[in-house]
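A look at the structure
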Amino acid sequence: NQLLDEVRQMTAANAEEVEQLRLKYLSKKGAITALMNDFRNVPANQKKTVGMKINELKQIAQERINQLKTDTETVECDAQHIDLTRTPYPIGLGTRHPLTIVTNEIIDIFSRMGFVLADGPEVEDDLHVFTRMNFAADHPARDMQDTFFVSQHPNDVTKNILLRSHTSSVQARVMETTQPPIRIICPGRVYRNEAITARAHCFFHQVEGLYIDKNVSFTDLKQVLLSFAREMFGADTKIRLRPSYFPFTEPSAEMDISCFICGGEGCGFCKHTGWVEILGCGMVDPNVLEQCGIDSSVYSGYAFGMGVERITNLKYQVSDLRMFSENDVRFLHEFESAD
Ligand code: PHE
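Residues numbered from 1 in each chain as written. Predicted model: local features only at pLDDT ≥ 70, side-chain atom pairs only at ≥ 80, totals over all residues. Heavy atoms only, no water.

The name given to the protein in an unreviewed UniProt entry is Phenylalanine--tRNA ligase alpha subunit, with the source organism recorded as Xylanibacter brevis. What the UniProt record of the protein gives under Subcellular location (unreviewed entry) is the line "Cytoplasm". A UniProt comment under Catalytic activity (unreviewed entry) is attached to the protein, and it reads "tRNA(Phe) + L-phenylalanine + ATP = L-phenylalanyl-tRNA(Phe) + AMP + diphosphate + H(+)". (UniProt positions renumbered as here; feature names shortened; annotations may be inferred.)

Rendered as structure tokens:
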């Protein structure tokens, strides 16, 4: 019985150890063979049971050794095929997403001009997305941004929960809690209820900027945007500001840059105008400052906001907006050298 236990628990790491086991139990001088040689001394009335037991033991030992033999053979055969000096299997490196590359570039340019990063939630309340930004409760401009609502409050629209439609909500949050000087940029994802096409998507990315201090003027805004455009699109870039409207800025403007493909001469890319639109901007409306607890008789400020997809499309001439969210690695790999 003790031998039986031993035999059942036999292990071997290689062919040589298997051979040792065979010698120990099954060879001419092995323990099991010795038992068999002793068999004649067993009393006749016990021969049957003892004989069966010995045969069982021999069979189990044989099977176990055969099993160990095949096991060690396969291990050794695998070991022969593993070349530890070989270069590891080539695992493809990922690339940064083009929107991340461009966002980082924008952040980099503005941080060199003293802007610091600010962040806020994507699921926001109406208060920060609209009310603090000077959208009156029944102001038609609330419809300007095709909002996705998460939950609507029956009596108080300022409590509605929604997906932010611009990162101006981050500006509101910073102004609420910080006294000027404030100089921030807010990059992030925003959502608008639009059909998904090559030119529009239900979400996109923005970088908005805000500067509030004493005596901030429109000239300061223009200078900062000109520096940005030159850093981003080349030193020869010209800008032009066209009057526009946003509830939260007064006056408001839209900024075009001279087309960097034709240098402003006019080409298919800029629809032969020589200009391409890249952002919205303006002087922060005093109502916004007051809403957020900043004294508009002391402070003034400017704000601007741009779409990262738009800037990326211009820089890299991506023709279909949907490519940014499909995560096709072939598309992403095209931006390997841009990073
Ligand atoms: N929030 C505006 C938008 O999403 C962009 C903007 C920001 C315009 C700041 C002016 C000033 O369209």
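Looking at the nonpolar core
With 45 residues, the main nonpolar core has Ile-106, Phe-110, Ile-278, Tyr-302, Phe-304 and Met-306 as its most contacted residues. Elements represented by at least two residues in this core include exactly α5 (98–112), β6 (203–213), α8 (218–233), β8 (249–258), β9 (275–284), β10 (300–307), α10 (308–316) and α12 (329–333). Among the elements that take part in this core, α8 stands out by supplying 8 residues, more than any other. When sequence neighbours within four positions are dropped, the list of residues in contact with Phe-304 reads Phe-110, Phe-115, Gln-171, Ile-185, Val-207, Glu-208, Gly-209, Leu-221, Leu-225, Leu-279, Gly-280 and Cys-281. (Core = buried A, V, L, I, M, F, W, Y, C linked by side-chain atoms within 4.5 Å. Buried < 20%, exposed > 50% of the residue type's maximum accessible area, 1.4 Å probe, protein only. Helix = DSSP H or I, 4+ residues; strand = E, 2+ residues; numbered from the N terminus. Contact = heavy atoms within 4.5 Å.)

Here's the deal with the UniProt feature "binding site: Mg(2+)" (unreviewed entry) in the protein
Feature annotation in UniProt places "binding site: Mg(2+)" (unreviewed entry) on Glu-250, given in this structure's numbering. On the accessibility criterion, Glu-250 (47% relative accessible area) is partly exposed.

Regarding the site of the ligand
Neighbouring residues of the ligand: 14 residues in total, closest His-166, Ser-168, Arg-192, Gln-206 and Glu-208. Separating a nitrogen atom of the ligand from a side-chain N or O atom of His-166 is a distance of 3.0 Å. Within the side chain of Ser-168, a nitrogen or oxygen atom sits 3.2 Å from a nitrogen atom of the ligand. For the ligand, whose free accessible area comes to 330 Å², the fraction covered by protein is 92%. In this structure, the ligand is accommodated by the largest pocket. Where the shell around the ligand is concerned, the elements lending two or more residues are β6, β9 and β10. Broken down by element, the residue count for the shell around the ligand peaks at 3 residues, all from β10. Taken together, the residues of the shell around the ligand break down into 5 nonpolar, 7 polar and 2 charged. (Near = heavy atom within 4 Å. Polar contact = N/O pair within 3.5 Å; in protein donor to acceptor, adjacent residues only side chain to side chain. Areas by Shrake-Rupley, 256 points an atom, 1.4 Å probe, with all protein chains shown as cover. 1 Å grid on protein atoms, 1.4 Å probe; cavity = no way out; pocket = protein on both sides within 12 Å on 5 of 7 lines; lining within 4 Å. Sits in = over half its atoms within 2 Å of the grid points. Nonpolar A, V, L, I, M, F, W, Y, C, P; charged D, E, K, R; others polar.)

Concerning the sheet that holds β10
Here 7 strands make up an open sheet; going across it, the order is β1-β5-β6-β10-β9-β8-β7 and the pairing mixed. The outermost strands of the open sheet, each flanked by one partner alone, are β1 (116–117) and β7 (239–246). Bridge count between strand β5 (residues 182–191) and β6: 10 bridges; the pairing is antiparallel. Within the sheet, the bridge partner assigned to Pro-187 lies in β6 and is Val-207. (Pairing = 2+ DSSP bridges.)

Considerations on the pattern of salt bridges
A complete count under the given rule lists 13 salt bridges for this structure. For Glu-19, the salt bridge goes to Arg-22, with nearest N and O atoms at 3.2 Å. Taken together, the residues span about one helical turn, with Glu-19 and Arg-22 both in helix α2 (residues 15–25) at a distance of 3 residues. In this structure, Asp-256 engages Arg-242 in a salt bridge whose closest nitrogen and oxygen atoms are separated by 2.8 Å. Taken as a pair, Asp-256 in strand β8 and Arg-242 in strand β7 lie far apart in primary sequence, 14 residues in all. For Asp-256, a relative accessible area of 3% gives the class buried. One network of salt bridges, with partners in common, ties together Arg-240, Arg-242, Asp-256 and Glu-277. (Salt bridge = Lys/Arg side-chain N within 4 Å of Asp/Glu carboxyl O.)

Thoughts on the pairing of β10
In terms of burial, β10 is a largely internal element, 7 of the 8 residues being buried. As judged from the 8 bridges shared by β6 and β10, these two strands associate in the antiparallel manner. Within the sheet, the bridge partner assigned to Asp-213 lies in β10 and is Ser-300. In the sheet, β9 pairs with β10 via 5 bridges, with the strands oriented antiparallel. Bridging from a neighbouring strand, Cys-281 pairs with Phe-304 of β10.

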